[in-house]
Amino acid sequence: MRFRGFTLVEIMVVVAIIALLATISIPSLLRTRLMANESKAISGLRSIATGAESYRAAQVSPSYPAALTDLIGSVPPFVTGFTSATKSGYVFDVACGSDPVNTFSATARPDAYGITGIRYFCIDHTGIMRGATASVFTAGTTCTNTAKQLGQ
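Figured I'd write up the structure that's included with this text. (Residues numbered from 1 in each chain as written. Predicted model: local features only at pLDDT ≥ 70, side-chain atom pairs only at ≥ 80, totals over all residues. Heavy atoms only, no water.)

Let's talk about the packing of aromatic side chains
Using the criterion set out here, one finds five aromatic pairs in the structure. Relative to phenylalanine 78, the ring of tyrosine 55 lies with its centre 5.4 Å away and its plane at 75°, an arrangement referred to as edge-to-face. Residue tyrosine 55 is located in helix α1 (residues 8-58), and its partner phenylalanine 78 is located in the loop between α2 (68-72) and β1 (86-87); the two are separated by 23 residues in the primary sequence. Seen from their ring centres, tyrosine 64 and phenylalanine 104 are 4.8 Å apart, and the 35° between their planes marks the pair as tilted. Here phenylalanine 104 lies in strand β3 (residues 104-110) and tyrosine 64 lies in the loop between α1 and α2, a separation of 40 residues in the sequence. In this pair, the class of tyrosine 64 matches that of phenylalanine 104, namely buried. Positioned above the aromatic ring of phenylalanine 82, the side-chain terminus of lysine 87 is 4.6 Å from the ring centre. (Phe/Tyr/Trp six-rings, centres within 6.5 Å; stacked < 30°, edge-to-face > 60°. Helix = DSSP H or I, 4+ residues; strand = E, 2+ residues; numbered from the N terminus. Buried < 20%, exposed > 50% of the residue type's maximum accessible area, 1.4 Å probe, protein only. Lys NZ or Arg CZ within 6 Å of the ring centre and 35° of its normal.)

Here it is, written out as structure tokens:
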């Protein structure tokens, strides 16, 4: 007897199994990507804080950078890995506070909330990283104490 191919039932079973596996794995993959973006945002803010301190130390009259472009546009740059204010699904902002000699803050917010990230991050001149699930941070002011302090 000759074998002439697969039956319709066999093909439908294989398609159903593939659909089930995709249904299980795709949300996990998206969540993993979101968490990776958030980790990169935290790392980026730590780099910015280090760069801001280096920038302040290199100035004739010490002051923190007024914008992210001060850090990435200098030669050599104080922060590398940034070509614009957007990186890995997050938008970064740097500003000095009302006292540019003593205060600055940097914030990172998701470019597309819920898709690229769900947490907002802030670091200021104290070096303490804070995170929140709502936008409570404003660049140029100290990070609010109502936000959760992230582990150092």
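Considerations on the side chain of threonine 116
Looking at the element boundaries, threonine 116 is found in the loop between β3 and β4 (120-124). Filtering out sequence-adjacent residues up to four positions away, threonine 116 remains in contact with Leu34, Asn37, Gly89, Tyr90, Pro110 and Asp111. (Contact = heavy atoms within 4.5 Å.)

Re the sheet that holds β3
Paired through their backbone hydrogen bonds, the strands of a sheet run either parallel or antiparallel. Spatial strand order, β1-β2-β3-β4-β5-β6: six strands in an open sheet with antiparallel pairing. At either end of the open sheet lies a strand with only one pairing partner, and these are β1 and β6 (148-149). Looking at chain direction, strand β2 (residues 90-96) and β3 are connected through seven bridges and run antiparallel. Counterpart to cysteine 96 in the pairing with β3 is phenylalanine 104. (Pairing = 2+ DSSP bridges.)

Some remarks on unusual backbone geometry
Following valine 75, the chain continues into proline 76 via a peptide bond in cis, with omega recorded as -10°. Positive phi is not limited to glycine here, since serine 88 has a value of about 55°. Structurally, the position occupied by serine 88 is in the loop between β1 and β2. Its relative accessible area of 26% is what places serine 88 among the partly exposed residues.

A word on α1
With 51 residues, α1 extends 73 Å from end C-alpha to end C-alpha; this agrees with the ideal 75 Å at 1.5 Å per step. Every buried residue belonging to α1 is among Leu34, Asn37, Glu38, Ala41, Ile42, Gly44, Leu45, Ile48, Ala49, Gly51, Ala52 and Tyr55, and all of these are buried. On its buried face, α1 sits against α2, β2, β3, β4 and β5 (129-132). (Expected span 1.5 Å × (residues − 1).)

A few points about the side chain of aspartate 124
Structurally, aspartate 124 is set in strand β4. Arginine 130 is the oppositely charged side chain nearest to the buried, salt-bridge-free aspartate 124, at an N-O distance of 5.7 Å. Of note is the side chain of aspartate 124, whose polar atom sits 2.4 Å from the side chain of threonine 126. (Lys, Arg positive; Asp, Glu negative; His and termini not counted. Salt bridge = Lys/Arg side-chain N within 4 Å of Asp/Glu carboxyl O. Polar contact = N/O pair within 3.5 Å; in protein donor to acceptor, adjacent residues only side chain to side chain.)

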